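Chain by chain, the residues run as shown.
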Amino acid sequence: IANIVHSSVEQRDPVVIIESPKAASDVYSPVKGTVSTVNRDVEDTPEIINKDPYGDGWLFKIEIADKKQLDTLLKAADYLKLIKEGE
């Protein structure tokens, strides 16, 4: 993870890149704000992203500029439904 702490990001801006042997994928900011911290542990043990994405596998934290943007995001159940529809 690059040194992005204190960087301002817009909603949907690419923030980090996840690389694997098969692909590289951008991870986008869900909201506008300032990156407050990054999880350096995922650099040394990237498998925690898959094992514990809602716990220790987080990538970065953002100080949200406009909390109303949270209302535009999918809830976890809605996202899972969307994924299943695409299978």
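Residues numbered from 1 in each chain as written. Predicted model: local features only at pLDDT ≥ 70, side-chain atom pairs only at ≥ 80, totals over all residues. Heavy atoms only, no water.

Draft legend 1. Quick look at the nonpolar core. Among the nonpolar cores identified, the biggest contains 12 residues, and these are Ile4, Val9, Val15, Val16, Val31, Val35, Val38, Val42, Ile48, Leu59, Phe60 and Ile62. Elements represented by at least two residues in this core include exactly β2 (14–19), β4 (33–38) and β5 (60–64). (Core = buried A, V, L, I, M, F, W, Y, C linked by side-chain atoms within 4.5 Å. Buried < 20%, exposed > 50% of the residue type's maximum accessible area, 1.4 Å probe, protein only. Helix = DSSP H or I, 4+ residues; strand = E, 2+ residues; numbered from the N terminus.)

Draft legend 2. Representation of the packing of aromatic side chains within the structure. Across all of its chains, the model carries zero aromatic pairs by this definition. A cation over a ring is seen here: Lys61 above Trp58, with NZ or CZ 4.7 Å from the ring centre. (Phe/Tyr/Trp six-rings, centres within 6.5 Å; stacked < 30°, edge-to-face > 60°. Lys NZ or Arg CZ within 6 Å of the ring centre and 35° of its normal.)

Draft legend 3. Quick look at the pairing of β4. The pairing of strand β1 (residues 8–9) with β4 spans two bridges and is classified as antiparallel. Looking at β4, one finds that Val9 is bridged to Gly33. As paired strands, β4 and β5 are joined by five bridges and run antiparallel to one another. Note that in β5 the partner of Gly33 across the bridge is Ile64. (Pairing = 2+ DSSP bridges.)

Draft legend 4. Seen up close, the sheet that holds β4. An order of β1-β4-β5 is seen for the three strands of this open sheet, with the pairing classed as antiparallel. The open sheet has two edge strands with one neighbour each: β1 and β5.

Draft legend 5. Seen up close, the environment of Ser20. In this fold, Ser20 is placed in the loop between β2 and β3 (24–28). A relative accessible area of 42% places Ser20 in the partly exposed class. When the C-alpha atoms of Ser20 and Val42 are compared, they prove to be 13 Å apart, with 22 residues separating the residues in sequence.

Draft legend 6. Summary view of the layout of surface pockets. Each pocket or cavity is described by its volume, and for the largest pocket that value is around 1,200 Å³. Lining the largest pocket are 29 residues; nearest its centre among them are Val27, Tyr28, Pro30, Tyr54 and Leu73. Residue assignment for the lining of the largest pocket shows that the elements contributing at least two residues are β3, α2 (48–51), β5 and α3 (76–86). The residue inventory of the lining of the largest pocket, partitioned by class, reads 20 nonpolar, five polar and four charged. (1 Å grid on protein atoms, 1.4 Å probe; cavity = no way out; pocket = protein on both sides within 12 Å on 5 of 7 lines; lining within 4 Å. Points joined across faces, edges and corners; volume = space filled by probe spheres on them. Nonpolar A, V, L, I, M, F, W, Y, C, P; charged D, E, K, R; others polar.)

Draft legend 7. Inspection of unusual backbone geometry at higher detail. The phi dihedral of His6 is positive, around 75 degrees, even though this residue is not glycine. Relative to the helices and strands, His6 is located in the segment before β1. One non-glycine residue with positive phi stands out, namely Arg12, at about 75 degrees. The residue Arg12 is located in the loop between β1 and β2 in this model. Look at Arg12 and you get exposed, because its relative accessible area is 61%.

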